[in-house]
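Breakdown of the fold
Below, each chain spelled out in residue letters.
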Amino acid sequence: MEANNFHPFMLSIARACEIILSSPVADLLNKIGLIWRQVRAMVVIPVMKAAVVACLIMSVMVLVEKVSMGLISLYAKLFHRRPERIYKCDPIAEDEELGTLAYPMVLVQIPMYNEKEVYQLSIGAACNLSWPKDRIIIQILDDSTDLIIKDLVKKECEKWFGMGNNIKYETRDNRKGYKAGALKEGMKHSYVETCEYIAMFDADFQPAPDFLTRTVPFLVHNPSIALVQARWKFVNANECLMTRMQEMSMDYHFKVEQESGSTSCAFFGYNGTAGVWRIQAINEAGGWKDRTTVEDMDLAVRAGLGGWKMIYVGSIKVKSELPSTFKAYRFQQHRWSCGPANLFRKMLCDIVKAKKVSIWKKFYVIYSFFLARRVLSNFVTFFFYCVVIPLSVFFPEVKIPRWGMVYIPSTITILNAVGTPSSFHLIIFWILFENVMSLHRCKAVIIGLLEAGRANEWVVTEKLGDLLKTKSNIKVAKKYRSKFWERLHFLELGLAVYLMICACYDYYFRKDYYFVILFPQAMAFVIMGVGYIGTIIPSDN
């Protein structure tokens, strides 16, 4: 365009803009802007400030709970307040007159459901337990729907029976109540009446031969003890980054949460496996119930309210397997988060009305065991760090104190990391991983509290066992092959877009450095949103 024509062109543009700004559209935009400013000042800002305050309060509550558990666990370690030093646990030995009758009768229960990759390991480990053969009954509760797997499990039981083991293979014609239903049916067999104690193992657990000789004495010599819980040791912790981070969380659970509960008030949540129960305590508590997906915790709470004690013996470790695929881990975490929230909803009145325990223990169960650890911790992790803090970059009026942004989460993170010092260098990855998983845990807690559609969803955690070591890549790929779009998780991807927008806005307009954590967190949501985490099943190409 020639220079002498440029000025008239700009004038025409200016006139066009003037016409637009004086049009009804401009009036509408001005009104919308005015309404938004009023809503922002009167509603959005106060709501954001209230959300920050609520999240800070929850953060402090979670911090106090974490610190108190850590101090109790530290006390137990420094002053050697271990169960072996508190409770009598002298080994059981054969009597010259009674012989093996000096040993109590023990039932070993192993519930299974299509456990093709691990059934041999658990059955073999149970049959190799060091206990008189005439004083132990091994009960395989097989709910498998795959007839081929069912036949394999049955033949494995027959093999060990032929080697002199008292092993029972039990099935049922439905899966009512899932694991709780199977355990309940298993208790109905006549031979169970001869047993005093029950040792329980999931299909991927491999107890050491001395497991019973180290756990049962606590029950024999201490009539007030209902449960002896052992620690889990993970055989596949080094399989991938996801299993390493799971190990960090699970080690904290056992070394701090279970240890502190056992030390402070002889109460904690039964882990559902690697434990030995007194049958009398199970019966007095009302037996197995399938009203939630955490039948193990349900039983433990009812037994604890009945006055029974539970002890955690961390020196006894049982080999087990962590879920190594993201799909399996998501299903597991949904069950572990939804179930406790749903149980809390159903048992709150029972806890308040319990007559055999003190007010202190009721407070501990309601506040510490349920509210702080299983509800608030999930809420604050997701809403504060993945919603409120990122959203605050758009509202300069919303101030978040440094102690809430830095000091509290740093302290909580360090406390969680003490369980696995060897993985401390992975702490940043662990934070990002846990923040992503908090989305699913928070959603599951809400579903459990409201008892919504998926509250009683039970998906058995898939185990790979030695599959990747013993099978060819082609066979594994054919069984576990999935298309790319089947691995997409749109909630994670949606959060990733949201966090990326917040990070970019903070970088360009706010300069308060929230983007330093928001960018990596957004990338973590992207990576997990496309399913690129955990054990990646090899291609058959």
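Residues numbered from 1 in each chain as written. Predicted model: local features only at pLDDT ≥ 70, side-chain atom pairs only at ≥ 80, totals over all residues. Heavy atoms only, no water.

A closer look at the packing of helix 4 (residues 119–127) against helix 5 (residues 147–162)
Applicable threshold: Axis definition: a line fit to C-alpha positions, over the contact stretch in the case of helices; interaxial angles, taken between N-to-C directions, run 0 to 180 degrees. Secondary structure is summarised from DSSP: a helix means a run of H or I of at least four residues, a strand means a run of E of at least two, and numbering begins at the N terminus for each. For classification, angles of less than 35 degrees are called roughly parallel, those exceeding 145 degrees roughly antiparallel, those between 65 and 115 degrees roughly perpendicular, and all remaining angles oblique. Crossing handedness is read from the near helix: turned anticlockwise from the far helix by less than a right angle, it gives a left-handed crossing, and turned clockwise, a right-handed one. In this analysis, two residues are considered to be in contact whenever any of their non-hydrogen atoms come within 4.5 Å of each other. Three residue categories are used. Nonpolar comprises Ala, Val, Leu, Ile, Met, Phe, Trp, Tyr, Cys and Pro, charged comprises Asp, Glu, Lys and Arg, and polar comprises the others, including Gly.
Two elements in contact, helix 4 and helix 5, have axes whose closest approach is 10 Å; the angle formed by their N-to-C orientations is 25°. On the basis of the axis angle, helix 4 is roughly parallel to helix 5. Like other packed secondary-structure pairs, helix 4 and helix 5 cross with a definite hand, here right-handed. Of the residues in helix 5, those touching helix 4 at Tyr 119, Gln 120, Ile 123, Gly 124 and Cys 127 are Leu 152, Val 153, Glu 156, Cys 157 and Trp 160. Among the residues forming the contact of helix 4 with helix 5, the class breakdown is seven nonpolar, two polar and one charged.

Topic: the UniProt feature "domain: Glycosyltransferase 2-like" (unreviewed entry) in the protein chain
Counted only if it meets this: UniProt positions are given in the numbering used here, feature names are shortened, and annotations may be inferred rather than shown by experiment.
Mapped onto the present numbering, the UniProt feature "domain: Glycosyltransferase 2-like" (unreviewed entry) falls on residues 197–396. For residues 197–396, helix accounts for 57% and strand for 15%, while the C-alpha atoms at its two ends are 62 Å apart.

Quick word on a positive patch on the surface
How we decide: For patch detection, residues must exceed 30% relative accessible area and be free of salt bridges, and they are connected within 9 Å for like charges or within 5 Å for nonpolar side chains (Val, Leu, Ile, Met, Phe, Trp, Tyr). Surface accessibility follows the Shrake-Rupley procedure with a 1.4 Å probe radius. Residue values consider only the protein chains on display as shielding. In the sections that follow, a salt bridge refers to a side-chain nitrogen of Lys or Arg positioned within 4 Å of a carboxyl oxygen of Asp or Glu. Two residue types count as positive, namely Lys and Arg, and two as negative, namely Asp and Glu; His and chain ends fall outside the count. Working definition for charges: the position is that of NZ of Lys, CZ of Arg, CG of Asp or CD of Glu.
Where like charges cluster on the molecular surface, the positive patch consists of Lys 77, Lys 233, Lys 255, Lys 317 and Lys 319. Mapping Lys 77 onto the fold places it in helix 2 (residues 24–78).

Quick notes on unusual backbone geometry
Stated precisely, the cut-off is as follows: The cut-offs for exposure are 20% and 50% of the maximum accessible area for each residue type, with area from a 1.4 Å probe on protein chains only; residues under the lower value are buried, those over the upper are exposed, and the others partly exposed.
For His 80, which is not glycine, the phi dihedral falls at a positive 55°. Take His 80: it is sitting in the loop between helix 2 and helix 3 (83–86). Under the relative-accessibility criterion, His 80 is labelled partly exposed at 46%. Unlike most non-glycine residues, Glu 451 shows phi in positive territory, near 50°.

Here's the deal with the nonpolar core
Stated formally: To qualify as a nonpolar core, a set must consist of buried Ala, Val, Leu, Ile, Met, Phe, Trp, Tyr and Cys residues joined through side-chain atoms within 4.5 Å.
The biggest cluster of nonpolar side chains holds 92 residues, and the ones touching the most others in it are Val 108, Ile 123, Phe 211 and Trp 277. Apart from residues lying up to four places away in sequence, Ile 123 is in contact with Ile 110, Met 112, Ile 140, Val 153, Glu 156, Cys 157, Trp 160 and Ile 167. Residues Leu 63, Met 248, Tyr 329 and Cys 442 belong to the second largest nonpolar core, which totals 56 residues.

As for the pattern of salt bridges
On inspection of all chains with the given rule, the structure shows 17 salt bridges. A salt bridge links Asp 251 to Arg 231; its shortest N-O distance comes to 3.7 Å. On the criterion of sequence distance, the pair formed by Asp 251 in helix 8 (residues 241–265) and Arg 231 in strand 5 (residues 225–234) is long-range, its members being 20 residues apart. The same class applies to Asp 251 and to Arg 231, which are both buried.

Focus: the pairing of strand 2 (residues 136–142)
Inclusion rule: A pair of strands is labelled paired if DSSP reports no fewer than 2 bridges between them. Here the term right-handed applies to a crossover when the path leading from its first strand over the helix to its second strand runs clockwise, the strands being oriented away from the viewer.
Within strand 2, seven of the seven residues are buried, which leaves the element mostly enclosed by the surrounding structure. By the alternation rule, side chains of strand 2 split into Ile 136, Ile 138, Ile 140 and Asp 142 and Ile 137, Gln 139 and Leu 141, which are all buried. Note: strand 2 against strand 3 (residues 167–171), five bridges, orientation parallel. By the bridge assignment for strand 3, Leu 141 is matched with Glu 170. With helix 5 bridging strand 2 and its parallel neighbour strand 3, the resulting β-α-β unit is right-handed.

Overview of a nonpolar patch on the surface
Together, Ile 35, Trp 36, Val 39, Met 42, Val 43 and Val 47 line one region of the surface with nonpolar side chains, adding up to about 600 Å² of accessible area. Along the polypeptide, Trp 36 turns up in helix 2. Owing to a relative accessible area of 44%, Trp 36 belongs among the partly exposed residues under this scheme.

Some thoughts on the packing of aromatic side chains
Two aromatic rings are characterised by how far apart their centres lie and by the angle between their planes. The line we're drawing: Stacked, edge-to-face and tilted are the three classes for Phe, Tyr and Trp ring pairs, Trp counted by its six-membered ring, which pair at centre distances within 6.5 Å; planes under 30 degrees apart are stacked, over 60 edge-to-face, the rest tilted. Only Lys NZ and Arg CZ are tested; either one counts as a charge over a ring when it is within 6 Å of the ring centre and within 35 degrees of the ring normal.
Enumeration over the complete set of coordinates arrives at 25 aromatic pairs. Centre to centre, the rings of Trp 232 and Phe 254 are 5.3 Å apart; their planes meet at 55°, and the pair counts as tilted. One end of the pair, Trp 232, is in strand 5; the other, Phe 254, is in helix 8, with 22 residues separating them in the sequence. The exposure classification of Trp 232 matches that of Phe 254, with both residues buried. Centre to centre, the rings of Tyr 270 and Trp 277 are 5.6 Å apart; their planes meet at 85°, and the pair counts as edge-to-face. Connected via pairs of aromatic rings, a cluster forms that spans Phe 205, Trp 232, Phe 234, Phe 254, Tyr 312 and Trp 336. Across the ring face of Tyr 191, the terminal group of Lys 168 is positioned such that the distance to the ring centre comes to 5.3 Å.

Some points on the UniProt feature "transmembrane region" (unreviewed entry) in the protein chain
When the UniProt feature table is mapped onto this chain, "transmembrane region" (unreviewed entry) is found at residues 43–64, 375–395, 407–433, 488–508 and 514–537. Helix and strand shares over residues 43–64 are 100% and 0% respectively, and the end C-alpha atoms of the span are 32 Å apart. Secondary structure across residues 488–508 comprises 90% helix and 0% strand; the distance between its end C-alpha atoms is 30 Å.

Some points on the sheet that holds strand 5
Taken together, seven strands build an open sheet; the order of strands is 3-2-1-4-6-5-7 and the sheet is mixed. Each of the sheet's edge strands pairs with one partner strand only, and the pair in question is strand 3 and strand 7 (309–320). Across this sheet, the average inter-strand angle for adjacent strands is 20°, counted without regard to direction. Alignment of strand 4 (residues 197–200) against strand 6 (residues 275–278), held across four bridges, turns out to be antiparallel. Note on strand 6: the bridge partner recorded for Ala 199 is Val 276. Packing against the sheet, helix 5 makes contact with strand 1 (106–112), strand 2 and strand 3, and its axis sits at approximately 160° to strand 3. Across the face of the sheet, helix 8 comes into contact with strand 5 and strand 7 while running at roughly 160° to strand 5.

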